[in-house]
Amino acid sequence: MQVVYRSDYRPPTFWIDHVELEFDLDPHNAIVTTKITVRRNTDQPSRTLELVGEQLKLLSVSVDGVALNDDEYTASSDLLVLNDLPARCEVQTKVAISPVTNKALSGLYQTSGNFCTQCEAVGFRRITYFLDRPDVMARYQVTIRGDKSTCPVMLSNGNRIASQDLGDGRHEVVWEDPHVKPCYLFALVAGNLKCHRGSFTTASGRDVALEIWVEPQNIDKCQHALVSLQKSMKWDEDVFGLEYDLDVYMIVAVNDFNMGAMENKGLNVFNSKYVLASPETATDDDYLLIEAVIAHEYFHNWTGNRVTCRDWFQLTLKEGLTVFRDEQFTADQTSAAVKRIDDVAGLRAGQFAEDSGPMAHPIRPESYISMDNFYTSTVYRKGAQIIRMYHTLLGQDGFRRGMDLYFRRHDGCAVTCDDFRQAMADANDTNFDLFDRWYSQAGTPELFVTSAWDESAGRLTLSMRQSYPDLAGDLPGTKDRKPVPLPIRVGLLDAESGAELSQYNDVLLLETESADFQFEGLDRQPIASVLRDFSAPVRLRMQRSDDELAFLMAHDTDAFNRWDAGQTLATGMLLKMAQQAADGQPLDEPKLFSDAFAKILTDDSVDEAFKALAITLPRESVLGQEMDVIDPDAIHTAREFFRRSVAGSHRDQLTALHQSLAADGPYSNDQQSINRRRLKNVVLAYLVSLDTPETDQIAADQFSGADNMTDQQAALAILANSNAEQRIAALDEFHRRYHGDPLVLDKWFAVQASSSRAGALSEVRRLSGHSGFTIDNPNRVRSLLGVFSVNQSVFHQADGKGYELLGDYVLLIQSGNPQLASRLVSAFNSYRRFDTGRQELMLRQLKRIASEPNLCKDVHEIVQRALK
Ligand code: HT7
Ligand code: ZN
């Protein structure tokens, strides 16, 4: 299979200035007529234009209005080659495509009977022959003709400039986008949709119409998305001075979508999960995610659309930057500390694991077989951490200067990560050349810190050293790795009072392999708080006693490190207990954590969301990363024991706390109520871990009495993971009530797929045969198989039945939807980290998949990397 290399980038032989598209919509036989005005690139002395396609049926081709004979071009379903073209001309093609049989959800497809497109990264070639690459930017005019009854609404990018009734039951709408764009930002939606409308007046006084298009039955679930959009528009004006640039901003919600959403110019297409919300059907987390995804796609209008990527290797240019922007936005709307903790927990669980397995790659990869495989947490989440480091070093004002210069230099252009870094540096008269290493090296650096106290000099020395752990195999970006620039935020605390010694609060910059940093003038030995706010994406390795960690957990003024000290303390204890479990020894009681736990719950200086995070134990998968050989059973036993033991020690306090949080009165979505629900549901999980009829009843009562989905789903998930006698009744009741709402039905599948009770794996297998399960809907697949594949103790059941189940579905899904299948198969990427028995069983599935005769290239790429 063809490998694409970053080093092979060449500018195109022709530019495309204007694109005219005509769609005659039909589910089985849609006709697409494309007129492109092309201009030879004078830097590239070729007269040949090679237009790529995928699964297209070519009907005709002409140049400057003259139809070409068969011998004047070469064509296959994947390539159209035109030789000896004049320096400027107009090329017209006509192709036929079949939206209804397009299960890949890339190109033009049907979802719930409506037409919809997805072009990023390379879906436009499934619509028409084109220069399907992001550095070719053009102006578009789009004519859509469709059935008036099935397609009363027909949308595309930009402004609607004309419409007419065609008299034969069909009608036509013409759209024009005044901005140049790459073809991956093209969009078309047509079908039976209703609109929830709003507006926004920009800082310079222009009125923008805001339109949220959904299936008619969902029209009452759009207000939160609309408000989220308005907040995002205002925030980008306030923080970055960026205004919206069209008269209308449309969002369409669709049920079948491979990712979260797509930032097409003026016409975003969203997975309905990230648009639709009502308190009865969406949880607080859903509300938060909707706001974040709406913001993310909106922010792309500048970071991605106005300035785009020169080639797909630069993906982090728009994605890392836009994730950073959406993280800052959410931090401003909610709590910066809680947001940072949530983000880092996600980074550690997903990206750190990716960075230490066979798919490890730099945030700017060097090669790919399928670009779709590189929409990874490394490109997105680690990419955002790299942007955050510029921000940490420059401050908000310096970062803003860099952004302003980036837009001044590159508006309307397709550029590289180097261009961004240069703008940041030039605007601040500094040099960021060493940051290049973050773009070309894979793996998570380890930061080793030791401290030395000189009593007579009153001096503390922190000695820091960075290095990369070795990775198995010959992975890209792992040879001759050099030290990377690390901004390390540090503070000191008085060891007796716990007070912050604020004059020592600083950001240190480690750019070499090692360095010493000294803090002078101290009266007595302080406690150091290192890597505050997680100021660099590294694994911190610092020898600290349990007492020191408990001290930081109680006193650190940096909320992130306060939380992290608790996690580190719990991790150490849990790993020791896992070893005891593996050795068949009795497990230690987690006394120190348990005491700190009780103190946090009564600490008035922190909010309930922070308390919820502070008492949540590290995930099983994160604990696994810290073991030489992951033992999923021992980790599970230890974590369950730990939780039950803490709950047992504080049963009365937890019962009273749950009671008081549950007495809050009717549902409200203000931040304090959200925080209180969050804490209430973590407390409930502790209580139900006690496995008593009384504590089960608390969950059952919450389930039946809940007036909102947050409390109901939390109680259901906790019951589904328990031995409570109310378990089955709750699951049945939930299904009875919500089976008609696809997004809520997804939750029903997900809570069962995340359960780790005995027999959970057979339940997942049984659910895959349930009438509500379908492989055609990615949300449904993710809610059952995706959730199950990260449920460590169940997926890694020692007999390999979990692996077999996933293998079966990867093979079933891959021919229809390669993107979805390749996400699923990635669950095998960690196989080298397990014992030989499990390795063998996972390898068996990988080899079985690899030997499939018609394996799609997406899955092929992941499996080959794993097997290498
Ligand atoms: N930029 C969007 C990426 C995306 C995508 C990529 C591959 C296949 C399907 C896709 N749908 C959306 C989403 C974003 O990051 O904003
Ligand atoms: Zn994005």
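Residues numbered from 1 in each chain as written. Chains lettered and ligands numbered in written order. Predicted model: local features only at pLDDT ≥ 70, side-chain atom pairs only at ≥ 80, totals over all residues.

Could you clarify how one ought to interpret the overall build of the protein in this entry?
When helices and strands are tallied, the protein shows 26 helices and 31 strands. What you see for the protein is a C-alpha radius of gyration of 28 Å, in line with the 29 Å of a compact globule of 868 residues. Considered along the principal axes of its C-alpha atoms, the protein spans approximately 85 × 65 × 60 Å. Burial status across the protein gives 50% buried among its 868 residues. Within the protein, contacts between residues separated by at least 24 positions form 70% of all contacts whose residues are at least 6 apart in sequence. (Helix = DSSP H or I, 4+ residues; strand = E, 2+ residues; numbered from the N terminus. Rg over C-alpha atoms; globule rule 2.2 N^0.38 Å. Buried ≥ 20, exposed ≤ 12 C-beta atoms within 10 Å, placed from the backbone. Contact = placed C-beta atoms within 7 Å.)

Can you help me understand the sheet that holds strand S4 (residues 49–52) in this one?
Each strand in a sheet pairs with another by means of backbone hydrogen bonds, the pair being arranged parallel or else antiparallel. As summarised here, the arrangement of the three strands in space is S4-S8-S7, forming an open sheet in which the pairing is antiparallel. Both outer strands of the open sheet, S4 and strand S7 (73–75), are each paired with one neighbouring strand and no more. Looking at each pair of strands side by side, their axes are set apart by 10° on average, direction ignored. Here S4 pairs with strand S8 (residues 79–82) via four bridges, running antiparallel. Bridge pairing in S8 links Val52 to Leu79. (Pairing = 2+ DSSP bridges. Axes fitted to C-alpha atoms, helices over the stretch in contact; angles between N-to-C directions.)

Any chance you could explain helix H24 (residues 818–825) here in plain terms?
Quick reminder: α-helices carry 3.6 residues per turn. Residues three or four places apart thus point the same way. Counted residue by residue, H24 has eight buried out of eight residues, so it is predominantly covered. Taken together, the buried positions of H24 are occupied by Pro818, Gln819, Leu820, Ala821, Ser822, Arg823, Leu824 and Val825. If you follow the buried residues of H24, they end up packed against helix H21 (778–789), helix H23 (801–814), helix H25 (836–850) and helix H26 (857–867).

Honestly, the pairing of strand S11 (residues 114–118) in this entry has me stumped. Any pointers?
On a regular strand, one side chain projects to one face of the sheet and the next to the other, so that they alternate. For S11, the tally of buried residues reaches five of five residues, placing the bulk of the element in the interior. Residues of S11 alternate between two faces, with Asn114, Cys116 and Gln118 on one and Phe115 and Thr117 on the opposite face, all of them buried. When strand S10 (residues 107–111) meets S11, the two strands line up antiparallel, connected through five bridges. Of the residues in S11, the one forming a bridge with Gly107 is Gln118. The loop that links S10 with its antiparallel partner S11 comprises two residues; one of these, Ser112, has a positive phi angle of about 50°. Of the strand pairs in this sheet, S11 and strand S16 (residues 188–191) are connected by two bridges, and their pairing is antiparallel. Across the sheet, the residue bridging to Cys116 is Val189, located in S16.

Sorry if this is basic, but what is going on with the packing of helix H15 (residues 671–688) against helix H16 (residues 693–705) here?
Geometrically, a packed helix pair is captured by the angle between its two axes and the distance between the axes. Relative to each other, H15 and H16 sit at 145°, their axes nearing to 8 Å. H15 and H16 meet at a crossing whose hand is left-handed. The residues of H16 that touch H15, namely those facing Leu684, Leu687 and Val688, are Thr695, Asp696, Ile698, Ala699 and Gln702. (Left-handed = near helix turned anticlockwise from the far one by under 90°.)

Sorry if this is basic, but what is going on with the UniProt feature "domain: Peptidase M1 alanyl aminopeptidase C-terminal" (unreviewed entry) in the protein here?
Following the UniProt record, the feature "domain: Peptidase M1 alanyl aminopeptidase C-terminal" (unreviewed entry) maps to residues 546–868 here. When the span residues 546–868 is considered, its composition is 71% helix and 0% strand, and the gap between its end C-alpha atoms is 41 Å. (UniProt positions renumbered as here; feature names shortened; annotations may be inferred.)

Just to check I follow, could you spell out the confidence of the model for the protein for this structure?
Note that predicted coordinates carrying low pLDDT should not be read in detail. Summarising the model, the protein shows a mean pLDDT of 98, and 100% of its residues fall at 70 or more. In the model output, the complex is listed with pTM 0.99 alongside ipTM 0.98. (pLDDT = per-residue confidence, 0-100.)

I keep staring at the sheet that holds strand S27 (residues 486–493) and nothing clicks. Help me out?
The strand order across the open sheet formed by three strands is S28-S27-S30, and the pairing between neighbours is antiparallel. At either end of the open sheet lies a strand with only one pairing partner, and these are strand S28 (506–510) and strand S30 (527–530). Pairs of neighbouring strands in the sheet enclose a mean axial angle of 35°, with direction left out of account. Pairing geometry for S27 and S28, over five bridges, is antiparallel. In the sheet register, Ile488 faces S28, and the bridge partner there is Leu508.

Explain the environment of Phe517 to me, please; I cannot follow it from the model alone.
Residue position: Phe517 is located in strand S29 (residues 514–519). Each C-alpha atom of the pair Phe517 and Ser451 lies 9.6 Å from the other, and the pair is 66 residues apart in sequence. Discounting residues that sit within four places of it in the chain, Phe517 has contacts with Leu462, Met464 and Leu508.

Help me out: how do you make sense of H16 in this one?
An ideal rise of 1.5 Å per residue puts 18 Å on 13 residues; H16 measures up with 18 Å between its terminal C-alpha atoms. Those residues of H16 that sit buried are Thr695, Asp696, Ile698, Ala699, Ala700, Gln702 and Phe703. Residues of H16 that are buried in the fold lie against helix H14 (651–662), H15, helix H17 (709–720) and helix H18 (727–738). (Expected span 1.5 Å × (residues − 1).)

I'm lost on the domain arrangement of the protein in this one. Help?
For interface size, the figure often reported is the accessible area lost on association. Domain annotation for the protein reports domain 1 (1–102 + 112–190) and domain 2 (620–867). Each of domain 1 and domain 2 was reduced to a C-alpha centroid, and the two centroids are 42 Å apart. (Domains from an automatic or database assignment.)

Could you clarify how one ought to interpret the site of ligand 1 in this entry?
If you check the shell around ligand 1, you find 15 residues, and the closest are Glu120, Asn258, Met259, Met262 and Tyr375. When residues of the shell around ligand 1 are traced back to their parent elements, those giving at least two are strand S20 (261–262) and helix H2 (284–299). Residues belonging to the shell around ligand 1 are distributed by class as follows: five nonpolar, five polar and five charged. (Near = placed C-beta within 6 Å. Nonpolar A, V, L, I, M, F, W, Y, C, P; charged D, E, K, R; others polar.)

Which parts of the structure should I look at to understand the nonpolar core?
One recurring pattern in soluble globular proteins is that nonpolar side chains are buried together. Grouped together as the largest cluster of nonpolar side chains are 255 residues, with contacts concentrated most on Val252 and Val275. Shared between two domains, this core holds at least three residues of each, these being domain 1 (1–102 + 112–190) and domain 2 (620–867). In contact with Val252, other than residues within four places in its own chain, are Leu155, Val189, Leu193, Trp213, Leu267, Val269 and Phe270. (Core = buried A, V, L, I, M, F, W, Y, C linked by C-beta atoms within 7 Å.)

It is not clear to me how the UniProt feature "domain: Aminopeptidase N-like N-terminal" (unreviewed entry) in the protein should be interpreted in this structure. Could you clarify?
Cross-referencing UniProt, the feature "domain: Aminopeptidase N-like N-terminal" (unreviewed entry) maps to residues 18–185 in the present numbering. Between the C-alpha atoms that bound residues 18–185 the distance is 15 Å, and the span itself is 0% helix and 55% strand.

Would you mind going over the environment of Thr128 with me for this structure?
With respect to the secondary-structure elements, Thr128 resides in the loop between S11 and strand S12 (137–147). Once you skip the residues sitting within four places of it in the chain, Thr128 turns out to touch Val32, Thr34, Thr93 and Val95.

Before we go on, may I ask you to explain unusual backbone geometry in this structure?
Going from Glu120 to Ala121, the amide bond is cis rather than trans, its omega being -5°. With respect to the element layout, Ala121 can be found in the loop between S11 and S12. Positive phi, close to 60°, is recorded for Asp533, a residue that is not glycine. Within the secondary structure, Asp533 sits in the loop between S30 and strand S31 (539–542).

Looking at this structure, I do not really get the packing of helix H5 (residues 377–410) against helix H6 (residues 417–427). What am I missing?
Where H5 contacts H6, the axes come no closer than 7 Å and their chain directions differ by 115°. With respect to H6, the axis of H5 lies roughly perpendicular. In the packing of H5 onto H6, the handedness of the crossing is right-handed. Judged by residue contacts, Tyr390, Arg401, Gly402, Asp404, Leu405, Tyr406, Arg409 and His410 of H5 engage Asp419, Phe420, Ala423, Met424, Asp426 and Ala427 from H6. (Parallel < 35°, antiparallel > 145°, perpendicular 65-115°, else oblique.)

What am I meant to see in the environment of Glu589 here?
With respect to the element layout, Glu589 can be found in the loop between helix H9 (559–582) and helix H10 (591–601). Distance in space between the C-alpha atoms of Glu589 and Ser649 is 10 Å, their sequence separation being 60 residues.

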